[in-house]
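Here's the letter readout for the chains.
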Amino acid sequence: MISEMKSGEQNRGVRRVPPPVRNVPVSSSGKTAYGAPDYPLLVITMALTCFGIIMVFSASGMLSLSQHKTGYYILWKELIWVAIS
C-alpha cells in the first residue's frame, strides 16, 4: 500500500512533533543553574578506584614478576586504563 503512494502523498495528514529541546537556565554571570558538582560521589568514586588498583596490584604482582620480569607491569597497565577512562 505504501509503495503505491506517490512520494508527495506519504506525509500528508501525519503531524510530526519535533524532539524536545532542553533549555538550560543561565544566570547573568553565564553559569548554568545545575549547581556544584557532587563532591561526595566524586570522593567515593576516587577512593574505590584507588582501592581497586591496590587490590589488582596485590593480586597480580607475583604473576607480573614471573611473566614480565617486573612486578609493576600489570599495575602500569591498570593505571593507564584508569587514566584513559
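Residues numbered from 1 in each chain as written. Predicted model: local features only at pLDDT ≥ 70, side-chain atom pairs only at ≥ 80, totals over all residues. Heavy atoms only, no water.

Notes on the overall build of the chain
In step 1: Of regular secondary structure, the chain possesses two helices and zero strands.
In step 2: Across the 85 residues of the chain, 8% fall into the buried class. (Helix = DSSP H or I, 4+ residues; strand = E, 2+ residues; numbered from the N terminus. Buried < 20%, exposed > 50% of the residue type's maximum accessible area, 1.4 Å probe, protein only.)

Focus: the packing of aromatic side chains
In step 1: Taken as a whole and judged by the stated rule, the model has one aromatic pair.
In step 2: Here the aromatic rings of Phe57 and Tyr72 are separated by 5.6 Å at their centres, their planes lie at 5°, and the arrangement is stacked. Linking Phe57 in helix H1 (residues 39-68) with Tyr72 in the loop between H1 and helix H2 (73-84), this pair joins segments that are 15 residues apart in sequence.
In step 3: Accessibility expressed as a relative area gives 30% for Phe57, which makes it partly exposed. (Phe/Tyr/Trp six-rings, centres within 6.5 Å; stacked < 30°, edge-to-face > 60°.)

So, the packing of H1 against H2
In step 1: Packing of H1 against H2 brings their axes to within 6 Å, and their N-to-C directions diverge by 145°. Of the residues in H2, those in contact with Thr49, Ile53, Val56, Phe57, Ser60, Leu63, Ser64 and His68 of H1 are Tyr73, Ile74, Leu75, Glu78, Leu79 and Val82. (Axes fitted to C-alpha atoms, helices over the stretch in contact; angles between N-to-C directions. Contact = heavy atoms within 4.5 Å.)

So, H1
In step 1: Remark: the principal bend of H1, roughly 50°, maps to Ser60.
In step 2: Buried within H1 are the following residues: Ile53, Ser60, Gly61 and Ser64.
In step 3: With its phi angle positive at about 65°, Lys69 sits one or two positions after the end of H1. (Bend = angle between axes of the 7 residues up to and from the residue.)

Describing the side chain of Ser64
In step 1: Tracing the backbone through its elements, the reader meets Ser64 in helix H1.
In step 2: Take Ser64: its relative accessible area is 0%, and that puts it in the buried class.
In step 3: A polar side-chain atom of Ser64 sits 2.8 Å from the main-chain carbonyl oxygen of Thr70.
In step 4: Apart from residues no more than four positions distant in its own chain, Ser64 is found in contact with Lys69, Thr70, Gly71, Tyr72, Tyr73 and Ile74. (Polar contact = N/O pair within 3.5 Å; in protein donor to acceptor, adjacent residues only side chain to side chain.)

Here's the deal with unusual backbone geometry
In step 1: Non-glycine residue Lys69 carries a positive phi angle of around 65°.
In step 2: Its relative accessible area of 70% is what places Lys69 among the exposed residues.

Focus: the environment of Met62
In step 1: In this fold, Met62 is placed in helix H1.
In step 2: On the accessibility criterion, Met62 (64% relative accessible area) is exposed.

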